[in-house]
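Topology and contacts: notes
Read off the chains here:
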Amino acid sequence: MAAMRIAVSGASGLIGSALTASLTADGHEVVALVRREPRGPGEARWDPAEGTVAPGALEGCEAVVNLAGAPIAARRWNAARKKVLWDSRVEGTATLARAIAGLDEKPRVFVAGSAIGFYGETGEDAVDEDSPAGRGFIAELVQAWEAAADPARAAGIRTVHARTGLVVAAGGGAWGALFPIFRAGLGGRIGDGRQFWSYVSLADEVAALRHAIDTPALSGPVNITAPEPLTNREITAAMGRVLKRPAVFPVPGFALRAVLGEFAGDVLASQRVRPKRLLESGFTFTHPGIDDAIRAALPPRNRV
Ligand SMILES: NC(=O)c1ccc[n+]([C@@H]2O[C@H](COP(=O)([O-])OP(=O)(O)OC[C@H]3O[C@@H](n4cnc5c(N)ncnc54)[C@H](OP(=O)(O)O)[C@@H]3O)[C@@H](O)[C@H]2O)c1
């Protein structure tokens, strides 16, 4: 594939930095959209709260990828925190969608970050991209996040909603918090452990985002999750197995609620999400199984 110029917001984040590294390694030019003063030619300023993007930043870009958003799991939710979570995603997406819709030469594709939280609690039932939205704060947030891309869609730009699952990574995201606990031998199932977790390795997340950029037939929602979601109990056993530690300390739901507040509901929720559209469009996973996904998240010297 010929070298492209691609703008990435949230490029300093867990997924954004891995995507940037992957694209630049293959010779593509990445313009990181930053909320501070740019530090070099590879960066351009945007201000999602003000709705502005530096003039020229998106000129000549064939793809724009939005991976910005205040961290969901970082602290307890109150009304002010919920507003930050909401605005950072909805206003960020709207800012980019409006900016690219107004360009004379528009990008071929807008990959708009999204999340499987769209589906809410799914219990034992598997859901895919044809399933309806769920209920609750996160499900509502994700619907607004996706709708904010409408100006790009209306301008005829192919728009993909990358509905990302739980990214298996040691360096960030909700999963990042699990590694030190399990390494200390203090891991265990959460709640009754029967809730499904739809995970994806960081390498597969990046590959799926690139597949979305490169696949003209893909538009609309695309679930980025490993093919077979597993229960928390199964994933707990895999963490213990791969890290060679006991994983026998269950975390009761009430304790989680005491520490995490409302976010505990999402940790205890069951989400059994299938990546139907990725598979139909010929995507192959490097780490379809949980053991490989966990192993890939470890620094090479710790891969056992
Ligand atoms: N990791 C997961 O398991 C997972 C799962 C589902 C969905 N997602 C979604 O995918 C996106 C990227 O996830 P990630 O794990 O890479 O997140 P991350 O590591 O927290 O990075 C997100 C980036 O967003 C920017 N950001 C932070 N606070 C912001 C704010 N208040 N307003 C605007 N931008 C802000 C920051 O970049 P700058 O400082 O450079 O602007 C930050 O590096 C997020 O929207 C997240 O919700 C992640």
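Keep in mind the model is a prediction, meaning the values are calculated, not measured.

Right, let's get into the overall build of the protein chain. Helices and strands together make up the secondary structure of the protein chain, namely twelve helices and twelve strands. Over its C-alpha atoms the protein chain spans a radius of gyration of 19 Å, differing by no more than 12% from the 19 Å that the globule rule assigns to 304 residues. Reported as C-alpha extents along the three principal axes, the dimensions of the protein chain are approximately 60 × 40 × 40 Å. The contacts in the protein chain between residues at least 6 apart in sequence include a share of 78% that link residues at least 24 apart. Just so you have it, the protein chain exposes about 13,400 Å², and 55% of that area is on carbon and sulfur atoms.

Of all five residues in strand 11 (residues 220–224), four are buried; the element is thus mostly enclosed. Judged from the five bridges that link them, strand 7 (residues 158–164) and strand 11 form a sheet pairing that is parallel. Looking at the pairing, A162 lines up with V222 of strand 11.

This paragraph deals with the sheet that holds strand 6 (residues 109–115). An order of 4-3-2-1-5-6-7-11 is seen for the eight strands of this open sheet, with the pairing classed as mixed. Each end of this open sheet is capped by a strand with a single partner; those strands are strand 4 (52–53) and strand 11. Relative to the sheet, helix 2 (residues 79–101) contacts strand 1 (5–9), strand 2 (29–34), strand 3 (43–47), strand 4, strand 5 (63–66) and strand 6, its axis offset from that of strand 5 by approximately 170°. Across the face of the sheet, helix 3 (residues 137–147) comes into contact with strand 5, strand 6 and strand 7 while running at roughly 175° to strand 6.

Around the ligand sit 20 residues in total, of which S12, L14, I15, R35 and R89 are the nearest. The separation between an oxygen atom of the ligand and a polar main-chain atom of G69 is 3.1 Å. Here the ligand has 890 Å² of accessible area as a free molecule, and 80% of this is covered by the chains. Contributions of two or more residues to the shell around the ligand are made by helix 1 (14–25), helix 2, strand 6 and strand 8 (166–168). Of the residues contributing to the shell around the ligand, the split by class is nine nonpolar, nine polar and two charged.

Counted under the stated rule, the structure contains five aromatic pairs. Between the aromatic rings of W86 and F137, the centroid separation amounts to 6.2 Å while the plane-to-plane angle is 40°, which identifies the pairing as tilted. On the criterion of sequence distance, the pair formed by W86 in helix 2 and F137 in helix 3 is long-range, its members being 51 residues apart. For F137, a relative accessible area of 15% translates into the label buried. One aromatic cluster is present, built from ring pairs that chain together W77, W86 and F137. Residue placement shows K82 over the ring face of F137; its charged tip is 5.0 Å from the ring centre. Taking NZ or CZ as reference, R163 lies 3.6 Å from the ring centre of F118, over its face.

Direction vectors running N to C along helix 8 (residues 232–243) and helix 12 (residues 290–297) enclose 50°, while the axes themselves pass 9 Å from each other. The pairing of helix 8 with helix 12 is recorded here as oblique in orientation. The two elements helix 8 and helix 12 meet at a crossing, and its hand is right-handed. Across the interface between the two elements, I235, A238, M239, R241 and V242 of helix 8 pack against I290, D291, I294 and R295 of helix 12. Here the contact of helix 8 with helix 12 is built from residues that sort into six nonpolar, no polar and three charged.

Thresholds, definitions, all that
- Residues numbered from 1 in each chain as written.
- Predicted model: local features only at pLDDT ≥ 70, side-chain atom pairs only at ≥ 80, totals over all residues.
- Heavy atoms only, no water.
- Helix = DSSP H or I, 4+ residues; strand = E, 2+ residues; numbered from the N terminus.
- Rg over C-alpha atoms; globule rule 2.2 N^0.38 Å.
- Contact = heavy atoms within 4.5 Å.
- Areas by Shrake-Rupley, 256 points an atom, 1.4 Å probe, with all protein chains shown as cover.
- Buried < 20%, exposed > 50% of the residue type's maximum accessible area, 1.4 Å probe, protein only.
- Pairing = 2+ DSSP bridges.
- Axes fitted to C-alpha atoms, helices over the stretch in contact; angles between N-to-C directions.
- Near = heavy atom within 4 Å.
- Polar contact = N/O pair within 3.5 Å; in protein donor to acceptor, adjacent residues only side chain to side chain.
- Nonpolar A, V, L, I, M, F, W, Y, C, P; charged D, E, K, R; others polar.
- Phe/Tyr/Trp six-rings, centres within 6.5 Å; stacked < 30°, edge-to-face > 60°.
- Lys NZ or Arg CZ within 6 Å of the ring centre and 35° of its normal.
- Parallel < 35°, antiparallel > 145°, perpendicular 65-115°, else oblique.
- Left-handed = near helix turned anticlockwise from the far one by under 90°.

As far as function goes, none of this settles anything; it's purely spatial.
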